[in-house]
Every structure is written in structure tokens, then in C-alpha cells.
Amino acid sequence: GNSVTQMEGPVTLSEEAFLTINCTYTATGYPSLFWYVQYPGEGLQLLLKATKADDKGSNKGFEATYRKETTSFHLEKGSVQVSDSAVYFCALKGGATNKLIFGTGTLLAVQP
Amino acid sequence: GAVVSQHPSWVICKSGTSVKIECRSLDFQATTMFWYRQFPKQSLMLMATSNEGSKATYEQGVEKDKFLINHASLTLSTLTVTSAHPEDSSFYICSATGTNTGELFFGEGSRLTVL
């Protein structure tokens, strides 16, 4: 079945450091891929998405490229800020339903 | 964006009691709502899908008599954990989608602790 694997956290970075959070997936067909972010005390929010191979999703300085050849959707940001501290979830949606399959989440802590 | 609100955000109860968690879409009509459960350091596990006015569809391994889901209106779904036990302690999250958008909007989550 469909599944998502993302790197374990926590990831601790200094402000302005480069961020990569790895995400790989297993799916039949051509799923849509998502990154969600959960700030402390809040619900999950859609950060970015990509619906087909080679698409690049981007938002708030974050980017992720849908790589079908490596079944990956790694999240990157060139310069993180303290306000980026949150839990990041990689997810996929495949088939005709709206069911989202989530990774385990990666806690990012950015220190000033 | 659209807002989904859960209540209560946290609840502590005694073993054997039942607890109800509400999920409301505040500014849109939610035709479909999803209930997830999140264990520490684990991914969100889909428990069930509910469509307004019909019975919920439960994922494999989820006890429907244990986790009662009602979606009686286009803005409200409830999850009732019946005869709760300590192993039911978890973080429960709902999400909703409307007719005009395929995007899912998530509630803040409800943390249940069963003593």
C-alpha cells in the first residue's frame, strides 16, 4: 500500500542555516505530494504541494520537488528563521479519495 | 483560509467513562470530515471518514463501537471514545473538506488522557 517515510527528528539548526528534511514515498500510480506544518498549539496547515512529476511546490521560502525517479519530495529552505520552528509532515494522496497518508513528522527547532 | 475548530483541546477522564470531541467547520460546509489519531513520535493514523448524513467508514483495525463518529450536519462532526481506557490516551485530530475545494483543513487537535 501507499506509505511515506521521512527523516526522524528533532532537527536543530541555527538561524539562517540551510534546511533539508528528507521524504520518500511508496505509491501506486501518480500520487499528489504535500508538506504540512504544525506550529505549536495549532492545527496542521498546508505548506506546499506538487501534483505531478517534476513539479516544484514553494511557499514562505520553502521548496520541494516531486522526483518520480527517486520517489522523493524533500523539503528545503535556504535560510531558516526561529519562526520556522514547528513539526513538518510529508504526506501523499493517491487514487480517487481524499485520504492523506502521513509520514511521522519531523520536529524542527531553530535557535537564534 | 478555512477554519476548523476542535473542542475540547485537552481532556482528562477516568477509565471507563466516555468522552466526546467536537470538530466544527467555522466558515464553510464540510461535506467530508476525517478523524486521525496521533501517537507520540508517530504519524497521523486515519481512523475514519465521515460524510454528512451517512455512517462513517472506519479504517481497518479501528473499533467502530469504541470510537463513535457522528456527522449530523455540514459543520459538525463528533468523535465519542466510549468506555475509555489508558491505552486510548492520544492526540485526536480532525480535518474537513468542502464541496468547493479539495484541500483539507485541520483542527488544532484534542489531547485525551485517560487515568
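Scroll up to find the structure this text is about.
First things first, this report covers the structure right here in the doc. Quantities reported herein were computed from a predicted structural model and do not represent experimental measurements.

**Digging into the packing of aromatic side chains**
(1) Moving on: Going through the model one piece at a time under the given rule, you end up with 11 aromatic pairs over all chains.
(2) Moving on: With a centroid separation of 5.3 Å and 75° between ring planes, the pair formed by tyrosine 36 of chain A and phenylalanine 106 of chain B is classed as edge-to-face. Of the two residues, tyrosine 36 of chain A is situated in strand E5 (residues 32–38) and phenylalanine 106 of chain B in strand E10 (residues 105–106); the pairing between them involves two chains. Across this residue pair, the class does not change: tyrosine 36 of chain A and phenylalanine 106 of chain B are buried.

**Regarding the interface of chain B and chain A**
(1) Moving on: Between chain B and chain A, the contact holds 19 residues from the first and 15 residues from the second.
(2) Moving on: Of the roughly 1200 Å² buried between chain B and chain A, counting both surfaces, carbon and sulfur atoms make up 60%.
(3) Moving on: Between chain B and chain A we count 0 salt bridges in total.
(4) Moving on: Elements with a contribution of two residues or more to the side of chain B that touches chain A: strand E4 (30–38), strand E5 (44–51) and strand E9 (90–98) of chain B.

**Considerations on the sheet that holds strand E9 (residues 75–77) of chain A**
All names here are of chain A.
(1) Moving on: One open sheet accounts for 4 strands, arranged E3-E9-E8-E7; its pairing is antiparallel. Here the strands that pair on one side only, and so sit at the sheet edges, are strand E3 (19–21) and strand E7 (56–59). Across the sheet, the mean angle from the axis of one strand to that of its neighbour is 15°, orientation sign disregarded.
(2) Moving on: Where strand E8 (residues 62–65) and E9 come together, 3 bridges link them in antiparallel fashion. When the bridges of E9 are listed, phenylalanine 62 appears paired with lysine 77.

How each quantity is defined
Residue indices follow the written sequence of each chain, beginning from 1 at its first position. The lettering of chains begins at A and the numbering of ligands begins at 1, in the order of writing. For a predicted model such as this one, the threshold for reporting local features is a pLDDT of at least 70, and the threshold for listing and counting side-chain atom pairs is 80 or more; totals across whole chains, interfaces and linings nevertheless cover every residue. Excluding hydrogens and water, the side-chain values take into account all heavy atoms of the structure. The rule is short: rings of Phe, Tyr and Trp, with Trp giving its six-membered ring, pair when the centres are within 6.5 Å, and they are stacked under 30 degrees, edge-to-face over 60, tilted in between. Here a strand is any run of E in DSSP of at least two residues, a helix any run of H or I of at least four, and the numbering for each starts at the N terminus. Each residue is assigned to one of three classes by its accessible area relative to the maximum for its type, calculated with a 1.4 Å probe on protein chains only: buried under 20%, partly exposed between the two thresholds, exposed over 50%. What makes two residues a contact is simply this: any of their non-hydrogen atoms within 4.5 Å. As used here, buried area is the combined drop in accessible area, with a 1.4 Å probe, of two parts when they are placed together. Salt bridges are counted wherever a side-chain nitrogen of Lys or Arg sits within 4 Å of a carboxyl oxygen of Asp or Glu. Pairing between strands requires that DSSP locate at least two bridges from one strand to the other. Note on method: axes are straight lines fitted to C-alpha atoms, helices fitted across the in-contact stretch only, with angles between N-to-C directions ranging 0 to 180 degrees.

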